[in-house]
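Fold and geometry: a report
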Amino acid sequence: DAGVTQSPTHLIKTRGQQVTLRCSPISGHKSVSWYQQVLGQGPQFIFQYYEKEERGRGNFPDRFSARQFPNYSSELNVNALLLGDSALYLCASTTRSSYNEQFFGPGTRLTVL
Amino acid sequence: AQSVTQLDSQVPVFEEAPVELRCNYSSSVSVYLFWYVQYPNQGLQLLLKYLSGSTLVESINGFEAEFNKSQTSFHLRKPSVHISDTAEYFCAVSDWGGSEKLVFGKGTKLTVNP
C-alpha cells in the first residue's frame, strides 16, 4: 500500500507570495494533520482535519489555512510568505482508532527568498 | 498543555556501544508517548510507542523505551548501535482521547562513528 504522499517535493518562493502544498493520506485514513519543521527543531502542529472538518489548530497566524477534500486529501495554503516560513512541511494521516499513531509523508521543503 | 524536553541535542557514540537518548515530558493529563526517527532528507518514521500496559516497549530493530510515570520520562535505549542508526530522533506526546495533535521535542542527533 502507498504511504502518505506530498507534493511538490521542493518549492522556492519569494516573500509576499502565496503557496499551496498538497497531501494524500494512506488509503482508509480519514484524518490528516499538518506540521511545520524549521531546521534544527522538532515539528510543530499546524492543523488537523477529520472528515473535512477542522478539529485542531496550532499557534500559527491566519496566513495559514487548510482544507480537506471528500477523498480525504488535503491542501495547506500559506499567504504573504515570510522568510521565517522556510521549513519542511509534513503531512500525517491516521485512523481515529489508531491511538494517535500518525504516519508521516516525506514532506515539502519550502524555501522563501 | 503538554511539553517535551529532549535533554541532549547531539549524542556521538562509537559503533557497537550502548546509547540512551533522554526524553522528559510534562502534561496535566494522561498521555501516549512516541519515538520517531528521521533520516536525512526524509519524513518521520515511527520507531516505537507507549499506549498502556507494560512500561517497556520494544522496536523491531533493537531499540527499547521505558515509560516512567513518576519521573515523567520515556528514555530510548539500544544496547549496541550500528552506523545505520545515525539519524535524528524525536520524542513526542499526545493526550488520551483528545486531539490527535503530537507535541514534539527538539530532537536528538545521534551520530554513530566507526
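Scroll up for the structure.
What comes next concerns the included structure. (Residues numbered from 1 in each chain as written. Chains lettered and ligands numbered in written order. Predicted model: local features only at pLDDT ≥ 70, side-chain atom pairs only at ≥ 80, totals over all residues. Heavy atoms only, no water.)

Let us look at the overall build of chain A. From N to C terminus, chain A includes 0 helices and 11 strands. Reading the secondary structure of chain A in the N-to-C direction produces β-β-β-β-β-β-β-β-β-β-β. Taken along the three principal axes of its C-alpha coordinates, chain A extends 40 × 25 × 25 Å. The buried share of chain A, reckoned over its 113 residues, is 51%. When contacts within chain A are restricted to residue pairs at least 6 apart in sequence, those whose partners lie at least 24 apart make up 52%. The averaged location of the 8 negative side-chain charges in chain A is 6 Å from the averaged location of its 11 positive side-chain charges. (Helix = DSSP H or I, 4+ residues; strand = E, 2+ residues; numbered from the N terminus. Buried < 20%, exposed > 50% of the residue type's maximum accessible area, 1.4 Å probe, protein only. Contact = heavy atoms within 4.5 Å. Lys, Arg positive; Asp, Glu negative; His and termini not counted. Charge placed at Lys NZ, Arg CZ, Asp CG, Glu CD.)

Before going further, it helps to spend a moment on the state of the cysteines. Tallied over the full model, the rule gives 2 disulfides over all chains. Here cysteine 23 of chain A engages in a disulfide with cysteine 91 of chain A; their sulfurs sit 1.8 Å apart. Because the torsion about its S-S bond is -60°, the bridge between cysteine 23 of chain A and cysteine 91 of chain A counts as left-handed. Residue cysteine 23 of chain A is located in strand 3 (residues 19-24), and its partner cysteine 91 of chain A is located in strand 9 (residues 87-94); the two are separated by 68 residues in the primary sequence. Each member of the pair, cysteine 23 of chain A together with cysteine 91 of chain A, is buried. In this model, cysteine 23 of chain B is linked to cysteine 91 of chain B through a disulfide, with the two sulfur atoms separated by 2.0 Å. Between cysteine 23 of chain B and cysteine 91 of chain B, the S-S torsion sits near -65°, and that sign places the bridge as left-handed. (Disulfide = S-S within 2.5 Å.)

Let us now look at the interface of chain B and chain A. Accessible area lost during the coming together of the parts is what is often quoted as the interface size. Listed as interface residues are 21 residues of chain B and, on the opposing side, 20 residues of chain A. With both chains or domains summed, chain B and chain A bury close to 1700 Å², and 51% of this area falls on carbon and sulfur atoms. If you look at where chain B meets chain A, you find 0 salt bridges. Where chain B packs against chain A, one counts 3 residue pairs in polar contact (both at pLDDT 80 or more). Elements represented by at least two residues in the side of chain B that touches chain A include exactly strand 5 (31-38), strand 6 (44-50) and strand 10 (87-95) of chain B. (Buried area = accessible area lost by both parts, 1.4 Å probe. Salt bridge = Lys/Arg side-chain N within 4 Å of Asp/Glu carboxyl O. Polar contact = N/O pair within 3.5 Å; in protein donor to acceptor, adjacent residues only side chain to side chain.)

The subject of this paragraph is the side chain of serine 73 of chain A. All names here are of chain A. Along the polypeptide, serine 73 turns up in the loop between strand 7 (64-68) and strand 8 (74-78). Of note is the side chain of serine 73, whose polar atom sits 2.7 Å from the side chain of asparagine 71. Contacts of serine 73, omitting those with residues within four sequence positions, involve Cys23, Ser24, Pro25, Arg67 and Gln68.

What follows is about the sheet that holds strand 8 of chain A. Residue and element names in this part refer to chain A. Strand order in the open sheet formed by 4 strands is 1-3-8-7, with antiparallel pairing between adjacent strands. With one partner strand each, in any of the chains shown, strand 1 (5-7) and strand 7 form the two edges of the open sheet. Shown here is a sheet whose adjacent strand axes are inclined to one another by a mean of 15°, direction ignored. Both strand 3 and strand 8 contribute to a ladder of 5 bridges, which runs antiparallel. Across the sheet, valine 19 pairs through a bridge with valine 78, a residue of strand 8. (Pairing = 2+ DSSP bridges. Axes fitted to C-alpha atoms, helices over the stretch in contact; angles between N-to-C directions.)

What follows covers the environment of leucine 90 of chain A. Topologically, leucine 90 of chain A is positioned in strand 9. For leucine 90 of chain A and arginine 67 of chain A, which are 23 residues apart along the polypeptide, the C-alpha to C-alpha distance reads 15 Å.

So, on to the pairing of strand 9 (residues 73-78) of chain B. Residue and element names in this part refer to chain B. In terms of burial, strand 9 is a largely internal element, 5 of the 6 residues being buried. In this sheet, strand 9 lies alongside strand 3 (residues 19-21) in antiparallel orientation, the contact comprising 3 bridges. The residue of strand 9 that forms the bridge with leucine 21 is leucine 76. Bridge count for strand 8 (residues 64-68) against strand 9 is 5 bridges, and the pairing is antiparallel. Residue pairing across strands places glutamate 64 opposite arginine 77, the latter belonging to strand 9. Linking strand 8 to strand 9, which pair antiparallel, is a turn of 4 residues; within it threonine 72 sits at a positive phi near 45°.

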